[in-house]
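# Structural overview for review
Below are the chains, spelled out letter by letter.
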Amino acid sequence: YPWALRGLDPGRDLAKADLETLLPTYLPHVSHRLGGEDRLRLAQRRSVLLVDGVQLERTGTDPIPVPAAALEIDVDIETSWDDRVYLWGFWVSDPATGELGYQQFSDFSTLDAASETALAVAALSWLRDRVAQAEALVFHYSDYEVTRIARLATASDHPVLAWALEYAQTNFVDLFGIVRTNFFGTNGLSLKVVATHGAGFAWRDEDPGGLNSMHWFADAVNAPSAAVREQARTRVLEYNEDDVKATWHLRRWLREQP
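Calculation criteria
- Residues numbered from 1 in each chain as written.
- Predicted model: local features only at pLDDT ≥ 70, side-chain atom pairs only at ≥ 80, totals over all residues.
- Heavy atoms only, no water.
- Helix = DSSP H or I, 4+ residues; strand = E, 2+ residues; numbered from the N terminus.
- Buried < 20%, exposed > 50% of the residue type's maximum accessible area, 1.4 Å probe, protein only.
- Lys, Arg positive; Asp, Glu negative; His and termini not counted.
- Salt bridge = Lys/Arg side-chain N within 4 Å of Asp/Glu carboxyl O.
- Contact = heavy atoms within 4.5 Å.
- Pairing = 2+ DSSP bridges.
- Axes fitted to C-alpha atoms, helices over the stretch in contact; angles between N-to-C directions.

Looking now at the side chain of Glu78. Turning to its location among the elements, Glu78 is positioned in strand 2 (residues 71-79). For the buried Glu78, no salt bridge is present, and the opposite-charge side chain at shortest range is Lys192, 7.3 Å distant. Other than its neighbours up to four places away in sequence, Glu78 contacts Arg84, Val85, Tyr86, Leu87, Ser213, Tyr239, Asn240 and Asp243.

The next thing to look at is the sheet that holds strand 5 (residues 136-140). One key point about sheets: their strands pair by backbone hydrogen bonds, in either a parallel or an antiparallel sense. The sheet built from five strands is open, its strands ordered 4-3-2-5-6 with mixed pairing. Of all strands in the sheet, those bounded by a partner on one side alone are strand 4 (99-106) and strand 6 (172-174). Between one strand axis and the next, the sheet turns by 25 degrees as a mean value, whatever way the strands run. Relative to strand 5, strand 2 runs parallel, the two being bridged by four bridges. Within strand 5, the residue paired with Glu72 across the bridge is Leu137. Most of the contacts of helix 6 (residues 144-155) go to strand 2, to which it runs at about 70 degrees, and overall it touches strand 2, strand 3 (85-94), strand 5 and strand 6.

To continue, consider the pattern of salt bridges. As enumerated under the stated definition, the model contains 14 salt bridges in all. Its salt-bridge partner being Arg151, residue Asp83 comes within 2.9 Å of it at the nearest N-O pair. Here Arg151 lies in helix 6 and Asp83 lies in the loop between strand 2 and strand 3, a separation of 68 residues in the sequence. Assessed through its relative accessible area of 39%, Arg151 is described here as partly exposed. The closest approach of N and O atoms between Lys192 and Asp243, which form a salt bridge, is 3.4 Å. Of this pair, Lys192 sits in helix 9 (residues 191-197) while Asp243 sits in helix 11 (residues 226-256), placing them 51 residues apart in sequence. The class for Lys192 is partly exposed, based on a relative accessible area of 24%.

Everything listed here is a matter of geometry and, on its own, says nothing about what the molecule does.
This is the structure we're talking about:
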């Protein structure tokens, strides 16, 4: 890094550096890349927050608009190493009935295109039935679920998948877009970062993560011990349940912001 050449630590020293003095020295070192000044200013902003112990910074003062509906459902999917969706998880919040809970559709086996599609049809048939009962919105974090629905619908002519793709265009809400518009994250804006440091949510697993869940799924399918397979299956389901609960907590927290 150019600032290291000047004896600057990219953390604490950068946080207190005078950028107007530093930029003339820094920019010639990165002239082969566009946006050098913006990158340095962003790095300093991150360094200042790190030094102050701040993980999330609100970037505006206006109220944060989060759409609402009578029935709200959170969705999160899990995929295997070979990029098959083996788990669809939903968190249902229905104030009219008092329902608040987890619904999952999973297949802990070696999936092929047909079985992945069958699982998606089962999950999305359930979703279609649920949202037909009331004005509803489905919340997710990033566009992964919508992208996967589109891919499955393109590969299959099943009417439920076609319905899901059309419904997603009008009734799915990406919370990541809302967060990105209103917050800066010192360590990014992943769901784990924002739900933990913003909404105060905690995953039950000591090491939650999508990459780890792929290992757990592999164990749930292939481990030689039935006890290990069952333990891995439980771990995956609890992780997925916590993911959809996290978006529910995040949504409530966003609505509470002044």
